[in-house]
Amino acid sequence: MIFGFNTDIKHEDTVYHVQSEAREGDMLLQTQVFVRGRCIGKHATSYAEQALSEGFTDQQKEQILREQHRNVLDAIREGRVEQVFDKRESPESLAAVKELDIHWTNSASVHSNDKLSMKLHATEAGQGIVGGRLTVRFARANAAPFYTQVTTDASGDAELVFEIDEASLPESSILVQLNIAGRTATRKFQLRKA
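Everything numeric here is computed off the predicted structure, so don't read it as measured data.

Enquirer: With reference to specific residues and values, describe the pattern of salt bridges.
Expert: Here the structure, examined in full by the defined rule, presents seven salt bridges. The shortest N-O distance in the salt bridge between arginine 77 and aspartate 74 comes to 2.9 Å. In this pair, arginine 77 and aspartate 74 are both assigned in helix H2 (residues 58-77), three residues apart and thus about one turn of the helix distant. A residue is classified by how much of its surface remains accessible, and aspartate 74, at 27% relative accessible area, is partly exposed. A salt bridge links arginine 187 to aspartate 101; its shortest N-O distance comes to 3.5 Å. Separated by 86 residues along the polypeptide, arginine 187 in strand S13 (residues 183-190) and aspartate 101 in strand S5 (residues 100-104) bring together distant segments of the chain.

Enquirer: Quick rundown of the nonpolar core? Include the residues and the values.
Expert: Core analysis: the biggest nonpolar cluster contains 23 residues, and Met118, Leu120, Phe162, Ile174 and Val176 have the highest contact counts within it. Broken down by secondary-structure element, the contributors of at least two residues to this core are S5, strand S7 (115-124), strand S9 (133-139), strand S11 (157-163), strand S12 (173-180) and S13. Aside from chain neighbours lying at most four places away, what touches methionine 118 is Trp104, Asn106, Ala158, Glu159, Leu160, Phe162, Ile174, Val176 and Phe189. If you look at the next biggest cluster of nonpolar residues, it comprises twelve residues, including Val35, Val72, Val81 and Phe85.

Enquirer: Lay out the pairing of S12 with the relevant residues and their values.
Expert: For S12, the buried fraction is high: eight of the eight residues fall into the buried class. Side-chain alternation along S12 places Ser173, Leu175, Gln177 and Asn179 on one buried face and Ile174, Val176, Leu178 and Ile180 on a second face that is also buried. Here seven bridges tie S9 to S12, and the two strands are oriented antiparallel to one another. When the sheet's bridge partners are listed, phenylalanine 138 is paired in S12 with isoleucine 174. Across eight bridges, S12 lies against S13 in antiparallel orientation. Residue pairing for S13: leucine 175 is matched across the bridge by lysine 188.

Conventions and cut-offs
Residues numbered from 1 in each chain as written. Predicted model: local features only at pLDDT ≥ 70, side-chain atom pairs only at ≥ 80, totals over all residues. Heavy atoms only, no water. Salt bridge = Lys/Arg side-chain N within 4 Å of Asp/Glu carboxyl O. Helix = DSSP H or I, 4+ residues; strand = E, 2+ residues; numbered from the N terminus. Buried < 20%, exposed > 50% of the residue type's maximum accessible area, 1.4 Å probe, protein only. Core = buried A, V, L, I, M, F, W, Y, C linked by side-chain atoms within 4.5 Å. Contact = heavy atoms within 4.5 Å. Pairing = 2+ DSSP bridges.

Here it is in structure tokens:
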């Protein structure tokens, strides 16, 4: 299984978060570009044909995804990110319209008594997902990453509580991967001190 690639890159005054992952259920290699948590565009490549041939490996899939991720980063550096986005008419972008998404619903008020409470909402085409598995990686400065899993409830909601050192918040990030029926979506959330 390929978890994906996540890169933050700055061009002029804008910080872009570039996220690439294999969407196994759709046989797509998808790269999404976010600015301040909002997806501004995506580029997807189907690997359905390659998957039919014998000998197509996860390593080859990963190499294609890595190259796609690098091409999007290069486009941002060169100020031409809009040129790499899929057009709405393409099969890949039409398939992505009903994509999975992860929302952090209490991001404005999450910290108290050395604990971080994170409420997540998993959706597909805007509707809550029941029984979605959320795999969470909490990366902290000067500490090993912490991993945990939680399943969404009947509304598509899940809550996580972490023990934290408030001083480490500005250097911490949380990577969340949603998995449902072999399809995945990944979001990175940067923490900051209030």
